[in-house]
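Understanding the architecture of this molecule
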Amino acid sequence: MEIVVSGTRPTGVLHLGNYFGAVRNYVRMSEDPNYTCYFFIADYHSLTTHHQPAELTKLVKQTIATYLACGLDPKKVVIYIQSHLPQIPELYLLLNMLAYKGELEKVATFKEKIKMHSENINAGLMTYPVLMASDIIIHRAHKVPVGKDQEQHLEMTRNFAKRFNSRYDVDFFPEPVAYNFGSELIKVPGLDGSLKMSKSGAANNAVYLDDGDDEIRRKVMKAKTDGGPTEPNQVKPQEIKNIFELMDIVSAPDTIRHFNDAYNNCNIRYGDMKKQLAEDMIKCIAPFRQKINELLVNEDYLHKVVRKGGEAARESADKTISGVKKIMGLNYF
Ligand code: TYM
C-alpha cells in the first residue's frame with residue numbers, strides 16, 4: 001500500500017486550477033485500492049498572512065463541502081482539518097531543527113510573498129515549507145497530488161526527509177514525490193492573461209466551482225485577447241495560449257480543433273471562442289455548484305466527516321511521532 005497525502009489552503013470554494021491541478025487527482029487516487037489517502041484542509045497555512053477569524057471558519061467549511069462535492073468519499077479516504085492533528089506542529093518543531101535559514105530564504109514562494117506583504121515577513125511565512133513537509137511526512141507519504149506551483153515545496157520535503165534519515169542513520173521516512181496522472185504536473189492559467197489561475201489574482205482571473213452561469217459568462221467574455229493573428233500558423237501570444245489551454249481542460253477535442261484551425265487560418269472570432277469556452281465551463285461547473293450548496297446547509301454532516309477523519313489521521317500521525325521521538329532519543333520512560 002502506498003500512502004497519499006495532499007491538502008488545500010482554506011481560501012474558500014476552489015477554482016478550476018485547484019480542481020484540475022490537484023483535486024481531480026485526489027479523487028482518482030482515492031478510487032485506487034492500492035492507495036491509502038489522506039486529504040486535509042491546511043488551515044494553519046492560511047495564518048501566515050493576517051486572517052479574519054470569522055471568515056476562516058466559514059472558508060474551512062466551504063473547503064470541506066468542495067472536497068465532498070468533487071467526489072471524495074469519506075468512506076474511502078481520510079478527510080481532516082490540519083489543526084485537528086497536534087502531531088503536525090510537534091513534527092514541525094522537530095523538523096525546524098534540521099531546516100536552514102539559507103535554504104528557506106531561497107524558496108520562490110517566500111520571495112514572492114515578502115514582496116507582496118513586506119509589512120509582515122513573519123517566521124511562519126519563512127518556515128512554510130517545513131510545516132508543509134510535516135503535513136506530508138506525518139503519514140510517511142509516498143505520493144503527493146499537487147499542481148506545478150508546489151514542485152519546489154515537494155523537493156524541500158524530500159530534502160528534510162532525507163536529512164532526518166541520514167542525521168539519525170535510519171530509513172524511516174520515504175521520499176515523497178509530487179504526482180499527476182498525466183505525468184507532468186500542470187499549471188492552469190488565469191483568464192486575465194496571467195500564467196496561473198489563483199485565488200489572489202485579479203478579479204476575473206479565476207473561475208470558482210460555485211460561480212453562477214452568468215458570472216462565468218461575464219468572466220470569460222472579459223478574458224484578454226488581441227487583434228487576432230495576421231499570418232497563418234502564427235505563434236500564440238500568452239493570453240491566447242491561456243484561452244486555448246483552458247479549452248483543452250473543459251472542451252471536447254472537436255471544438256478545440258475547430259478553433260485551432262480557425263486561428264491557424266487567421267479567421268478566428270475570439271467572441272465565438274469565448275462564448276463556447278464559457279458554455280463548456282458551465283457544463284463542467286454546474287454539478288459541483290449544486291452539490292456544494294446542498295452540502296453547505298448540512299453542517300452536521302460536514303462536522304461528522306472531519307471528526308471521523310481526524311480520529312483516523314491522529315492514529316496514523318501518532319505512530320509516526322512515536323517513531324520519530326524514539327529515533328531522536330526523546331522516549332525517556
Ligand atoms: P493551494 O491551496 O494554493 O492549492 C491547492 C492545490 O491546488 C493546486 N493549484 C493549481 N494547480 C494547477 N493550476 C493552478 N492554477 C493551481 N492553483 C492551485 C496547488 O498546486 C495545490 O496542489 N501549500 C499548498 C497547500 C498545502 C499542501 C500541504 C499541499 C499545505 N500542506 C501538503 C500538499 C501537501 C497550497 O498552498 O496549495
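Take the packing of aromatic side chains next. Per the stated rule, a full pass over the model turns up eleven aromatic pairs. With a centroid separation of 4.9 Å and an interplanar angle of 80 degrees, the aromatic rings of Tyr19 and Phe20 are classed as edge-to-face. Taken together, a centroid distance of 6.4 Å and an interplanar angle of 50 degrees make the contact between Phe164 and Phe172 tilted. Across this residue pair, the class does not change: Phe164 and Phe172 are buried. Of the aromatic side chains, those joined through ring pairs into one cluster are Phe164, Tyr168, Phe172 and Phe173. Lying over the aromatic face of Tyr128, Lys113 brings its terminal NZ or CZ to 5.7 Å of the ring centre. Positioned over the ring face of Phe172 is Arg140, at 3.9 Å from the centre of the ring.

This brings us to the site of the ligand. For the ligand, the set of nearby residues contains 27 residues, the closest of which are Arg9, Tyr128, Asp135, Asp149 and Val188. Asn18 places a side-chain nitrogen or oxygen 3.1 Å from an oxygen atom of the ligand. With respect to the ligand, the backbone of Met197 contributes an N or O atom lying 2.9 Å from a nitrogen atom. Elements with a minimum of two residues in the shell around the ligand: strand S1 (2-8), helix H1 (16-30) and helix H7 (128-137).

The rules behind each value
Residues numbered from 1 in each chain as written. Predicted model: local features only at pLDDT ≥ 70, side-chain atom pairs only at ≥ 80, totals over all residues. Heavy atoms only, no water. Phe/Tyr/Trp six-rings, centres within 6.5 Å; stacked < 30°, edge-to-face > 60°. Buried < 20%, exposed > 50% of the residue type's maximum accessible area, 1.4 Å probe, protein only. Lys NZ or Arg CZ within 6 Å of the ring centre and 35° of its normal. Near = heavy atom within 4 Å. Polar contact = N/O pair within 3.5 Å; in protein donor to acceptor, adjacent residues only side chain to side chain. Helix = DSSP H or I, 4+ residues; strand = E, 2+ residues; numbered from the N terminus.

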